[in-house]
Structure formats: C-alpha cells, structure tokens
Amino acid sequence: MLVRAARRVAVTARRATSTVGDNRVVRLQTEDPRMSKIVIHNGVVYTSGQTAGDAGDCVKAQTQATLAKVDALLKEAGTSKSHALSATIWLKDINRDFKGMNEVWNSWVDPENKPVRATVEAAMARPVLLVEIQVTAALDKNPFEDLNY
C-alpha cells in the first residue's frame, strides 16, 4: 500500500518534480505562491508549518486541529507520525500554553517512535494563532525505486 501511495505521489507530482543528479525532489500542494506544503527528498518528507486559527481560541483545540493537518500531509506523502524524525513547535505564549499543547501532543505522538522536538515562543503571523507545528518524517521506502520514468 505504501508503494502504491508513493507511486501516486510521484505520478501526481511530476510537474513539481526536479532532478539534480540522481536526487529527485517532489513538491506537493504547491498552489501557494510562497511555498510547497510537502517536499520529499532522499526518503525524507518535509512539511510546511501548520496552523489552525479557525479552531477557536483554545491552544488544545488549535493543537488538535493542527496535528490533524500534519497527519493528512504525512499521509499524502506516504508516511505517518510513526516515522516522524523531528518537530518544531511555535507557541504564541509559552508560559500560558505549553502545558495544554503538551497534553494534546502527548496523546498524538507515537510513544514507541517519538521524534526529536523543539518548542519555542514566537510572534505568530496572525493574532488568532496560538500554535504552529512543522514535522519532518522518513518514508518507509523510496517512492522512486520501482518507477521507470
């Protein structure tokens, strides 16, 4: 199933694929003029920072909705949180929201496959945002190894 998903990713992303030597870079969800939401290179999936300002003014609700977006991006790329390598978390108010964010994070993260993580306080892009999360994960299998194109 992962191979099928990886093939779908590779075929879907052909227009957004560039090659440098033998290193292919796949970019998914490239509609935003500033960035791709997913970049895959050398078996590593990089996601853009995710937010959920529409989830309300509670850090727990925003964290839960943000992690659901992360899950969706990882799935589209052909991986999951079980393959997460690193996470960076930005909080608007670390003193107020660190505990609540951690409660949601701890229930989301795979306890057998925890990534490295950094959490910092930062000014957010919009006043309503309380948390932003970026995750990097490994693929199970190189999505290009069975392709001939």
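Cut-offs applied
Residues numbered from 1 in each chain as written. Predicted model: local features only at pLDDT ≥ 70, side-chain atom pairs only at ≥ 80, totals over all residues. Heavy atoms only, no water. Helix = DSSP H or I, 4+ residues; strand = E, 2+ residues; numbered from the N terminus. Buried < 20%, exposed > 50% of the residue type's maximum accessible area, 1.4 Å probe, protein only. Contact = heavy atoms within 4.5 Å. Areas by Shrake-Rupley, 256 points an atom, 1.4 Å probe, with all protein chains shown as cover. pLDDT = per-residue confidence, 0-100. Expected span 1.5 Å × (residues − 1). Arc of directions from axis to C-beta. Axes fitted to C-alpha atoms, helices over the stretch in contact; angles between N-to-C directions. Left-handed = near helix turned anticlockwise from the far one by under 90°. Nonpolar A, V, L, I, M, F, W, Y, C, P; charged D, E, K, R; others polar.

**Q** Tell me what's going on with the overall build of the chain, and back it up with residues and numbers.
**A** A tally of helices and strands in the chain yields three helices and seven strands. Along the chain, helices and strands appear, N-terminal first, in the series α-β-β-β-β-α-β-α-β-β. Sorting the 149 residues of the chain into buried and exposed places 42% on the buried side. A separation threshold of at least 6 residues defines the contact pool for the chain, and within that pool the share at least 24 residues apart is 68%. Here the chain has roughly 8,500 Å² of accessible surface; of this, 50% comes from carbon and sulfur atoms.

**Q** Explain the side chain of threonine 136 to me, using residue names and the numbers behind them.
**A** Locating threonine 136 in the fold gives a position in strand β7 (residues 131–138). Other than its neighbours up to four places away in sequence, threonine 136 contacts Val44, Val45, Tyr46, Ala84, Leu85 and Ser86.

**Q** Go over the confidence of the model for the chain with me, naming the residues and quoting the values.
**A** Summarising the model, the chain shows a mean pLDDT of 87, and 79% of its residues fall at 70 or more. The low-confidence segment residues 1–7 (pLDDT under 50) makes nine contacts with residues lying over four places distant or belonging to another chain. Scored below 50 in pLDDT, residues 10–15 makes seven contacts in the model with residues more than four places away or belonging to other chains.

**Q** How would you summarise helix α2 (residues 59–77) if you had to cite specific residues and measurements?
**A** If you check α2, its first and last C-alpha atoms are 27 Å apart, about what 19 residues at 1.5 Å a residue would give, namely 27 Å. For α2, every residue scored as buried is listed here: Val59, Gln62, Thr63, Thr66, Leu67, Val70, Leu73, Leu74 and Ala77. On an axial view of α2, the arc spanned by its buried residues comes to 130°, and they lie on one face. The exposed set on the far side of α2, more than 90 degrees from its buried face, consists of Gln64 and Lys75.

**Q** For the environment of arginine 27, give the residues involved together with the corresponding values.
**A** The topology assignment puts arginine 27 in strand β2 (residues 23–28). The exposure class of arginine 27 is partly exposed, given its relative accessible area of 33%. A sequence separation of ten residues divides arginine 27 from lysine 37, and the C-alpha atoms of the two residues are 7.7 Å apart.

**Q** Before we move on, could you go through the packing of α2 against helix α3 (residues 94–108) and cite the residues and values that matter?
**A** Contact pair α2 / α3: the axes reach a minimum separation of 9 Å and the direction vectors enclose 35°. For the pair α2 and α3, the sense of crossing is right-handed. Here Val59, Lys60, Thr63, Gln64, Leu67, Val70 and Asp71 of α2 lie close against α3, whose contacting residues are Asp97, Gly100, Met101, Glu103, Val104, Trp105 and Trp108. A per-class count over the contact of α2 with α3 returns seven nonpolar, three polar and four charged.

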